[in-house]
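# Inside the fold
One letter stands for each residue in the lines below.
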Amino acid sequence: RPGKGAYTRIARTTTMRVARTAVLTNRGAARARSGHPWIYRSDVADAAGDAGAVVRLVDRAGRFLGHAFCNPKSEITLRIVTREDEEINEPWFRNRIERARTYRESLHIDASAYRLLHSEADGIPGLVADRYEDYLVLQVGSAAVEQRLGSLVTTLEDLFSPAGILLRGDSVARKREGLTNKVEVLSGEVPGSVVVHEGPIRYRAELRGGQKTGGFLDQRENHLAAARYVERCSEARVLDVFSYAGGFALHAARVAETVEAVDASEPALRASRENAELNGLSNITFNRANAFDVLRERSDAGTRYDAVILDPPAFAKMKRNLSGARRAYKEINLRAIKLLAPGGTLVTCSCSYHFSRELMEDTLRSAAADAGRTVRVREWRGQALDHPEVLTIPETRYLKCVVLECP
């Protein structure tokens, strides 16, 4: 028999659920049952609650579907967080974070910068947490997470004992959620930058102003893999295009004869130079230039490389950009294939979710045909394992990396 406290909890929980119930349309209910956590405004039949509320989801027949973070200001009005009939409280959040930590520990990551929490893939939509040495950098894209940030910071402090926690609240996603943009220290002290290691390479991550939370952590495993392919060729000449701060170039330079890093951004190249000095690498040259121009000029001149690396920015940030993006991806890959020496390797990437693997494969096939080269596929790769994919959420499979070779 439950005590008085139990009745109180039941009554309080029941009251909360009756007051905050969202009814989904048939299409919304079908989407929820398919395993996708995002419910759009047009698929909500009845009001769900205030921004940041946790609401109970039901279909038109009143059948329970789960609990979700609510934000009427967002096109994605509901983000399902659990399909169990459970209370979403501080212990619930702590449990999710502990499970994410256990998963990262199982990966045995050889790096001091990696992702601790990957939003929906770790069960907390709208919360990203990256570790850089003793510091945590958060991205918040959910009103529900924003409202609970104080208790979440306390939990992160307790579980990870960071020297400081920084909020990088400067993403486009925050605007879509009706959240204000800001960059602020939430706990302790956080420097502007910190030196981290990625396998044998060290680099300086700009925590307050760098890309994403300070670096492209999702490419970590691809950086290491690219170096293994470069290493197969004695005295390899490598061209790294769209090099940014040198993630691929630094790893390649450890095993190559020469590496040329090309980027249109002088600040990016300056960071790459500093990272090369940090690792004592003197075999990298830095070229500030338009990537398309360099690839066209070199291929027209008949220049050959043992390895070419392409890691462009997202050419298709939105679905309507796909046509132009496909032309751009084909152009750079066509030129890169022409640049390969016999036995040469092309490592080519796309971080555009809308540019699917199937579309990328078709584009590469067309580029190889137009280049008149036989191209073999060595392997398809994706984002690092600390950025896990969820089968029922296609959006979590955004990074494609394929290794090709010309025999």
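Above: the structure in question.
Residues numbered from 1 in each chain as written. Predicted model: local features only at pLDDT ≥ 70, side-chain atom pairs only at ≥ 80, totals over all residues. Heavy atoms only, no water.

Moving on to the layout of surface pockets. Remark: the empty space left among the atoms is shown by a probe the size of a water molecule rolled over them. Each pocket or cavity is described by its volume, and for the second largest pocket that value is around 240 Å³. Along the wall of the second largest pocket there are 14 residues; nearest its centre are Pro37, Ile80, Val81, Arg83 and Glu120. Element by element, the count of residues in the lining of the second largest pocket is highest for strand β5 (residues 76-82), at three residues. Its residues assigned to classes, the lining of the second largest pocket shows seven nonpolar, four polar and three charged. (1 Å grid on protein atoms, 1.4 Å probe; cavity = no way out; pocket = protein on both sides within 12 Å on 5 of 7 lines; lining within 4 Å. Points joined across faces, edges and corners; volume = space filled by probe spheres on them. Helix = DSSP H or I, 4+ residues; strand = E, 2+ residues; numbered from the N terminus. Nonpolar A, V, L, I, M, F, W, Y, C, P; charged D, E, K, R; others polar.)

Among the six residues in strand β7 (residues 127-132), six count as buried, and that is most of the element. Burial along β7 is two-sided: Leu127, Ala129 and Arg131 facing one way and Val128, Asp130 and Tyr132 facing the other are all buried. (Buried < 20%, exposed > 50% of the residue type's maximum accessible area, 1.4 Å probe, protein only.)

Every buried residue belonging to helix α2 (residues 26-33) is among Gly28, Ala29 and Ala32, and all of these are buried. End-on, the buried residues of α2 take up no more than an arc of 100°, which puts them together on one face. Relative to its buried face, α2 has exposed residues pointing more than 90 degrees away, namely Asn26 and Arg27. Residues of α2 that are buried sit in contact with β2 (38-40), β4 (64-70) and β5. Two residues or fewer past α2, Gly35 is found with a positive phi of approximately 105°. (Arc of directions from axis to C-beta. Contact = heavy atoms within 4.5 Å.)

To continue, consider the sheet that holds strand β18 (residues 376-381). The mixed open sheet is built from seven strands, whose spatial order is β15-β14-β13-β16-β17-β19-β18. Each end of this open sheet is capped by a strand with a single partner; those strands are β15 (284-288) and β18. Going from strand to strand, the sheet's axes swing by 15° on average, the running direction of each strand aside. Two strands pair when backbone bridges link them, and β18 and strand β19 (residues 400-406) are joined in this way by five bridges, in the antiparallel orientation. Counterpart to Glu379 in the pairing with β19 is Val403. Sheet strands in contact with helix α7 (residues 220-231) are β13 (237-241), β16 (305-310), β17 (340-350), β18 and β19, and its direction is about 155° off that of β18. The sheet contacts of helix α11 (residues 322-339) involve β13, β16, β17 and β19, and relative to β17 the element is tilted by about 155°. (Pairing = 2+ DSSP bridges. Axes fitted to C-alpha atoms, helices over the stretch in contact; angles between N-to-C directions.)

Before going further, it helps to examine the packing of aromatic side chains. Each pair of aromatic rings is reported with the distance of its centres and the angle of its planes. Evaluated as defined, the whole model comprises eight aromatic pairs. Ring centres of Phe242 and Phe292 lie 6.4 Å apart, and the angle between their planes is 80°; this geometry places the pair in the edge-to-face category. Taken as a pair, Phe242 in the loop between β13 and α8 (247-253) and Phe292 in helix α10 (residues 291-300) lie far apart in primary sequence, 50 residues in all. A relative accessible area of 14% means that Phe242 is categorised as buried. (Phe/Tyr/Trp six-rings, centres within 6.5 Å; stacked < 30°, edge-to-face > 60°.)

The contact between α11 and helix α12 (residues 357-371) brings their axes to 8 Å, and the two run at 45°. Regarding the angle of α11 to α12, the classification is oblique. Seen from above, α11 lies across α12 with right-handed handedness. Within the contact between the two elements, α11 uses Leu322, Arg326, Tyr329, Lys330, Asn333, Leu334, Ile337 and Lys338 and α12 uses Leu359, Asp362, Thr363, Leu364, Ser366, Ala367, Ala368, Asp370 and Ala371. Looking at side-chain class alone, the contact of α11 with α12 contains nine nonpolar, three polar and five charged residues. (Parallel < 35°, antiparallel > 145°, perpendicular 65-115°, else oblique. Left-handed = near helix turned anticlockwise from the far one by under 90°.)

Between side chains of opposite charge, a pair can form when the charged atoms approach closely. Following the criterion strictly, the structure yields 31 salt bridges and no others. Note that Arg94 and Glu98 form a salt bridge whose closest N and O atoms lie 3.2 Å from each other. Of this pair, Arg94 and Glu98 both sit in helix α3 (residues 90-107), separated by four residues, roughly a single helical turn. Owing to a relative accessible area of 29%, Arg94 belongs among the partly exposed residues under this scheme. In this structure, the salt-bridge partner of Asp158 is Arg94, at a minimum N-O distance of 2.8 Å. (Salt bridge = Lys/Arg side-chain N within 4 Å of Asp/Glu carboxyl O.)

On to the nonpolar core. Core analysis: the biggest nonpolar cluster contains 35 residues, and Tyr132, Leu207, Val238, Val259 and Ile284 have the highest contact counts within it. In terms of residue count, the dominant contributor to this core is α8 (five residues). Excluding residues that lie within four positions of it along the chain, Ile284 makes contacts with Ala249, Leu250, Ala253, Val259, Ala261 and Ala276. Among the nonpolar cores identified, the runner-up in size contains 32 residues, and Leu295, Ala316, Leu364 and Leu404 belong to it. (Core = buried A, V, L, I, M, F, W, Y, C linked by side-chain atoms within 4.5 Å.)

Turning next to empty space enclosed by the protein. In the structure shown here, the tally under the stated rule is one cavity of 30 Å³ or more. Computed from the structure, the largest cavity encloses a volume of approximately 40 Å³. Forming the boundary of the largest cavity are Phe69, Cys70, Asn71, Ile76, Thr77, Arg79, Ser142, Ala143, Ala144 and Glu177. Elements with a contribution of two residues or more to the lining of the largest cavity: β4, β5 and α4 (143-147). Here the element with the most residues in the lining of the largest cavity is β5; it accounts for three residues. Grouping the constituent residues of the lining of the largest cavity by class yields five nonpolar, three polar and two charged.

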